[in-house]
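# A closer look at the structure
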Amino acid sequence: MVISNKSEYALLALLELATCYPNGESLQIREIAVLQDIPNRYLEQLLATLRRQGLIKSIRGAKGGYVLARDPRTITVLDAFNCMEGSDIVVSTSETTSSTIEGELIQEVWQEARQAANAVLQKYTLQDLCELRAIRKNKELMYYI
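What counts, and where the lines are drawn
- Residues numbered from 1 in each chain as written.
- Predicted model: local features only at pLDDT ≥ 70, side-chain atom pairs only at ≥ 80, totals over all residues.
- Heavy atoms only, no water.
- Helix = DSSP H or I, 4+ residues; strand = E, 2+ residues; numbered from the N terminus.
- Expected span 1.5 Å × (residues − 1).
- Buried < 20%, exposed > 50% of the residue type's maximum accessible area, 1.4 Å probe, protein only.
- Contact = heavy atoms within 4.5 Å.
- Phe/Tyr/Trp six-rings, centres within 6.5 Å; stacked < 30°, edge-to-face > 60°.
- pLDDT = per-residue confidence, 0-100.
- Core = buried A, V, L, I, M, F, W, Y, C linked by side-chain atoms within 4.5 Å.

## Some details on helix α3 (residues 40–52)
- When the terminal C-alpha atoms of α3 are compared, their 18 Å separation across 13 residues agrees well with the 18 Å that a helix rising 1.5 Å per residue should span.
- Along α3, the residues classified as buried are L43, L46, L47, A48, T49 and L50.
- Residues of α3 that are buried make contact with α1 (5–20), α2 (29–36), β1 (56–59), β2 (65–68) and α4 (77–85).
- Just past α3, the residue G54 takes up positive phi, approximately 85°.

## Looking at the packing of aromatic side chains
- Applying the stated criterion across every chain yields a total of one aromatic pair.
- For the pair Y9 and Y42, a centre-to-centre distance of 5.7 Å together with 75° between the ring planes defines the contact as edge-to-face. Of this pair, Y9 sits in helix α1 while Y42 sits in helix α3, placing them 33 residues apart in sequence.

## Quick look at the confidence of the model for the protein
- For the protein, the mean per-residue pLDDT works out to 88, and 88% of the residues sit at or above 70.
- Overall, residues 90–94 carries pLDDT values under 50, and its contacts beyond four positions in sequence, including any with other chains, amount to 13 contacts.

## Quick word on the nonpolar core
- L14, L43, L47, L50, I56 and L68 are the most contacted members of the largest nonpolar core, which totals 29 residues.
- Only α1, α2, α3, β2, α4 and α7 (126–141) provide two or more residues apiece to this core.
- Ranked by residues supplied to this core, first place goes to α1 with nine residues.
- Once residues lying within four places of it in the same chain are set aside, the contact partners of I56 are L14, L17, L47, L50, R51, Y66, V67, L68 and A69.

In structure tokens, the structure reads:
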């Protein structure tokens, strides 16, 4: 399984917004784009999708930008992935295209793999990713003598 650029960039943007959530600060598109090295025009499209799906809100005005619509503890990686890719891609039911026993077995294994992937993606929230990032950054700052 491969994560698409669309989903990866959306998660990166959401991670930046989750970082600002405790302070109530909004981020503008160009700020997120610079922080995560995402093309502006592409990011605009991604943020529009996230907004339509209710994961983020836009704030108008001079101090405007984007904020998370909910607490980062309540937004899972699966929520973000489903928002960008569509939930039926990840959670679709077994659709056997083959009427052979082998084809059915392959579909059953694939369905089990999708369910396992969903379980992992559902397990992690944006807050978890923020905390894991902070831990890794602290490790990078450690000096060894």
